[in-house]
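Overview (structure and organization)
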Number of protein chains: 2
Amino acid sequence: MAADLIRICDPDDVRIAEFRNIRERDLTGREHRFIAEGTVVLRMLAAAHLRREAFAVEKILLLESRVAGLSEELSAFPADVPVYVASAEVLDAIAGFHLHRGVLALGRRLSCSEPAQLLETLPERSLVVAACGISNHDNIGAIFRNAAAFGADAVLLDETCCDPLYRKALRVSVGAVLKVPYARGGTIADNLSALVEAGFHVWALSPSGSTDVRHIPAAPRVALATGTEGAGLPQDVLARYDTARIAQAPGLDSLNAATATAVALYQIAAGQGRI
Amino acid sequence: MAADLIRICDPDDVRIAEFRNIRERDLTGREHRFIAEGTVVLRMLAAAHLRREAFAVEKILLLESRVAGLSEELSAFPADVPVYVASAEVLDAIAGFHLHRGVLALGRRLSCSEPAQLLETLPERSLVVAACGISNHDNIGAIFRNAAAFGADAVLLDETCCDPLYRKALRVSVGAVLKVPYARGGTIADNLSALVEAGFHVWALSPSGSTDVRHIPAAPRVALATGTEGAGLPQDVLARYDTARIAQAPGLDSLNAATATAVALYQIAAGQGRI
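Note that this is a predicted model, so its numbers are computed, not measured.

Criteria and cut-off values
Residues numbered from 1 in each chain as written. Chains lettered and ligands numbered in written order. Predicted model: local features only at pLDDT ≥ 70, side-chain atom pairs only at ≥ 80, totals over all residues. Heavy atoms only, no water. Helix = DSSP H or I, 4+ residues; strand = E, 2+ residues; numbered from the N terminus. Expected span 1.5 Å × (residues − 1). Buried < 20%, exposed > 50% of the residue type's maximum accessible area, 1.4 Å probe, protein only. Domains from an automatic or database assignment. Contact = heavy atoms within 4.5 Å. Buried area = accessible area lost by both parts, 1.4 Å probe. Polar contact = N/O pair within 3.5 Å; in protein donor to acceptor, adjacent residues only side chain to side chain. Phe/Tyr/Trp six-rings, centres within 6.5 Å; stacked < 30°, edge-to-face > 60°. Axes fitted to C-alpha atoms, helices over the stretch in contact; angles between N-to-C directions. Parallel < 35°, antiparallel > 145°, perpendicular 65-115°, else oblique. Left-handed = near helix turned anticlockwise from the far one by under 90°.

Moving on to helix 2 (residues 39-51) of chain B. Between its first and last C-alpha atoms helix 2 of chain B spans 19 Å; for 13 residues at 1.5 Å apiece the expected length is 18 Å, and the two agree. What helix 2 of chain B keeps buried is the set B:Thr39, B:Val41, B:Leu42, B:Met44, B:Leu45, B:Ala46, B:Ala48 and B:His49.

The next subject is the domain arrangement of chain A. Residues and elements named next belong to chain A. Assigned domains within chain A: domain 1 (5-109) and domain 2 (115-271). Once you take the C-alpha centre of each, domain 1 and domain 2 turn out to be 30 Å apart. Taken together, the contact pairs 19 residues of domain 1 with 13 residues of domain 2. Roughly 1,500 Å² of surface becomes buried between domain 1 and domain 2 when both sides are summed, with 60% attributable to carbon and sulfur atoms. Applying the counting rule to domain 1 against domain 2 returns four residue pairs in polar contact (both at pLDDT 80 or more). Of all the secondary structure elements, the ones that give two or more residues to the side of domain 1 that touches domain 2 are helix 1 (22-25), strand 2 (33-37) and helix 2 (39-51). In terms of residues, the side of domain 1 that touches domain 2 owes the most to one element, helix 2, which gives six residues.

It is worth spelling out the packing of aromatic side chains at this point. Scanning the entire structure with this criterion turns up six aromatic pairs over all chains. Seen in terms of ring centroids, A:Phe144 and A:Tyr182 are 5.3 Å apart; in terms of plane orientation they differ by 80°. Their pairing is edge-to-face. Here A:Phe144 is found in helix 6 (residues 137-149), whereas its partner A:Tyr182 is found in strand 8 (residues 182-184), with 38 residues between them in sequence. Neither A:Phe144 nor A:Tyr182 differs from the other in exposure class; each is buried. With a centroid separation of 5.7 Å and an interplanar angle of 90°, the aromatic rings of B:Phe34 and B:Phe55 are classed as edge-to-face. Of this pair, B:Phe34 sits in strand 2 (residues 33-37) while B:Phe55 sits in strand 3 (residues 55-63), and the two are 21 residues apart along the sequence. The residues B:Phe34 and B:Phe55 share a single accessibility class, namely buried.

The next subject is the packing of helix 10 (residues 257-271) of chain A against helix 10 (residues 257-271) of chain B. Packed helices, taken two at a time, are described by the angle their axes make and the gap between the axes. Where helix 10 of chain A contacts helix 10 of chain B, the two axes come as close as 10 Å, and the packing angle between them is 55°. It follows that helix 10 of chain A is oblique to helix 10 of chain B by the angle criterion. Here helix 10 of chain A and helix 10 of chain B pass one another in a crossing that is right-handed. On helix 10 of chain B, the residues touching A:Thr259, A:Ala262, A:Val263, A:Tyr266 and A:Gln267 of helix 10 of chain A are B:Thr259, B:Ala262, B:Val263, B:Tyr266 and B:Gln267.

What follows is about unusual backbone geometry. Residues and elements named next belong to chain A. Backbone geometry at Asn 21 places phi at a positive 45°, although glycine is not the residue there. Take Asn 21: it is sitting in the loop between strand 1 (5-7) and helix 1. Asn 21 sits in the partly exposed class, given a relative accessible area of 33%. A positive phi angle, near 60°, is found at Arg 52, a position not held by glycine. Here Arg 52 shows up in the loop between helix 2 and strand 3 (55-63).

Listed below in structure tokens is the structure:
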């Protein structure tokens, strides 16, 4: 049962202070709090909230004209999650820009496991993405979206990856960041060692990889290491692990990092019989 | 041989007027002119300029500190293409925002063929993307990038797709818009009819497609029809043509439109033996 709606008329109302100037706020530390935008992400957040494992919702702020169309989503939240509504004028003044979606929620990450801890929770047959240096919010969001689409069990982000709970990353992921278990920390070398320790066959994705991704042999536990478009994975990673490439037309720039990850995951997931 | 550098000290200098406030300018009609940004796109534009088929460069504007590193790219342009340089302060005042890349060019589209005309130029064995309703600049740019990566011969955009020469689309495409031949116009139904007329086997991509893209039979001429994530392809297109789907984990949102196009193109290109 959802909460009653609380009308906000003053952009400075302290009850919705966390939504003030969210564009700037993204750039500062947020103590495990994050802003979720849009109906689909709100739905994913509701599901995560009910699982109570990793994420909770603290409050919701809606454009008044959106309320009627969101009754199903709102009913998924327990009554102790306050739902605020505002006019377009007040909402834009709160957010600091024109918010055409009109759906915001403040979420909180309940637990942050280390990469090694996360690996202990994975099933016998697993597919994991180990990302390195993905600092672009679109790419990190897209990697989560692709990981969800092809049924990956977890995403390990090294310490140089950006926060996938950043507003835009979460939006681009269409909420997949709230669904696919992940951990962020350590170096890519540390994370890949932990994967090997846990019985994973690591494949490092690179335009110059030795094995065509179509020929990656099926294995119960596979980890795909993926880096940025520019620098790619570090040389020591490419030297230490089996490398894989995506067949492409000759003489062209490589694929976008998230798209390359999608194609490789698609192929590995097919090999494992998960899609 | 490249032109001598011409220093610009006044943001209002008429010689670089086309670069004024380029963010706003994007939104207006541009008479076949477009702004190219960044070194890689500049390189692609130089190559297109030399081919003289579809695109020409009218002028180049660079941040002074970038000139030394771009000598190779600049030498690819003929001497009648003026190269302007400016300080960071002047350049930002010209562009209307902080331009950290510091590399701009004004390009012009020389010819705009109709979809049917473009089809006449294609080789016996061809792979074509026919896009419908792609109005997001990131997606249109990414579709071109993916088309180039998997060796597609052409992209047909229906009249509801956005202009791929829009600044951001061109940037996201990493210049592939200047490389992969394309035409924009007509309805998706018109364009697919023209493809069938030209001997193409049309496959309409949809999450509910009948045939797994892995099972698309090889054919000399294949066209992949692709729509938006939201509405997808129109029902009459799905009813009229063979439909194909990308295998995914159950119960999840579909892939991003450009990523889905990438995976399907990858699979079709592999089937045609082009990658």
